[in-house]
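Observations on the model geometry
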Amino acid sequence: SLPANIGQNFGNGNPLEVLDVGRNDLTGEIPENVYNASNMVNLVLSSNNFTGQIGSDIFTNLFQLRILALDDNGFSGPVPETLSPLSQLTTLALQENDFVGVISDSICNATVKGNTPIQLMSLTIDCEE
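Overview of the structure. Note that the coordinates shown come from a computational prediction; the quantities given were computed from them, not determined experimentally.

1. A look at the overall build of the protein chain
A tally of helices and strands in the protein chain yields 1 helix and 11 strands. Across the protein chain, helices and strands are ordered from the amino to the carboxyl terminus as β-β-β-β-β-β-β-β-α-β-β-β. Scored against the burial criterion, the 129 residues of the protein chain give a buried share of 43%. In the protein chain, the share of contacts with a sequence separation of at least 24, taken over all contacts with a separation of at least 6, comes to 59%. Working note: accessible area of the protein chain is about 6,900 Å², and carbon and sulfur atoms make up 44% of it.

What follows is the structure in structure tokens.
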């Protein structure tokens, strides 16, 4: 599992921009303090065995994210609507999880700088009704 103190010093001006722990067979839930890294640009947790729900307010500090890769894990529950304030987001990978429900229109219709649509990579949750 990812140690609970992995993000202990995140936030408060910490310059960490990239956290890529993909393909490490990590288990458990993501420690909440990971979501305090306000300078985070790439958060890649792909191809592990993370579980739990992605809370509706955990991404409020990660407004600079460009890449959010949570694919190929065991996340469950609804996709939080709070992903929509991530105006810099270019890649959103959520496939191969146990998410339920539909992605909000605010995410499906979101744009980034230059009015370029967000690149939804092989997203298994349908934006269509």
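2. Remarks on the sheet that holds strand S8 (residues 98-100)
Strand order in the open sheet made by the 4 strands is S2-S4-S6-S8, with parallel pairing throughout. In the strand order of this sheet, the two ends are held by strand S2 (27-28) and S8, each with one partner.

3. A few points about unusual backbone geometry
It is generally the case that most residues other than glycine have a negative phi and that most peptide bonds are trans. The phi dihedral of Arg23 is positive, around 60°, even though this residue is not glycine. In this structure, Arg23 sits in the loop between strand S1 (18-20) and S2. A positive phi is found at Asp25, a non-glycine position, where the angle reads about 55°. Within the secondary structure, Asp25 is located in the loop between S1 and S2. Looking at Asp25, the relative accessible area reads 59%, which means it is exposed.

4. Some points on the packing of aromatic side chains
Under the definition given, this model contains 2 aromatic pairs. For the ring pair Phe50 and Phe75, a centre distance of 6.3 Å and an interplane angle of 15° mean the geometry is stacked. Pair noted here: Phe50 is in strand S4 (residues 49-53) and Phe75 is in strand S6 (residues 74-78), with a separation of 25 residues, a long-range link. Like Phe50, the residue Phe75 is buried in the burial classification. Between the aromatic rings of Phe75 and Phe99, the centroid separation amounts to 6.4 Å while the plane-to-plane angle is 10°, which identifies the pairing as stacked. On the criterion of sequence distance, the pair formed by Phe75 in strand S6 and Phe99 in strand S8 is long-range, its members being 24 residues apart. The exposure class assigned to Phe75 is buried, which follows from its relative accessible area of 1%.

5. Describing the side chain of Ser46
Assignment of secondary structure puts Ser46 in the loop between strand S3 (42-44) and S4. Look at Ser46 and you get buried, because its relative accessible area is 11%. The contacts of Ser46, once residues within four sequence positions are left out, are Gly22, Arg23, Ala69, Asp71 and Asn73.

Definitions and limits used
- Residues numbered from 1 in each chain as written.
- Predicted model: local features only at pLDDT ≥ 70, side-chain atom pairs only at ≥ 80, totals over all residues.
- Heavy atoms only, no water.
- Helix = DSSP H or I, 4+ residues; strand = E, 2+ residues; numbered from the N terminus.
- Buried < 20%, exposed > 50% of the residue type's maximum accessible area, 1.4 Å probe, protein only.
- Contact = heavy atoms within 4.5 Å.
- Areas by Shrake-Rupley, 256 points an atom, 1.4 Å probe, with all protein chains shown as cover.
- Pairing = 2+ DSSP bridges.
- Phe/Tyr/Trp six-rings, centres within 6.5 Å; stacked < 30°, edge-to-face > 60°.

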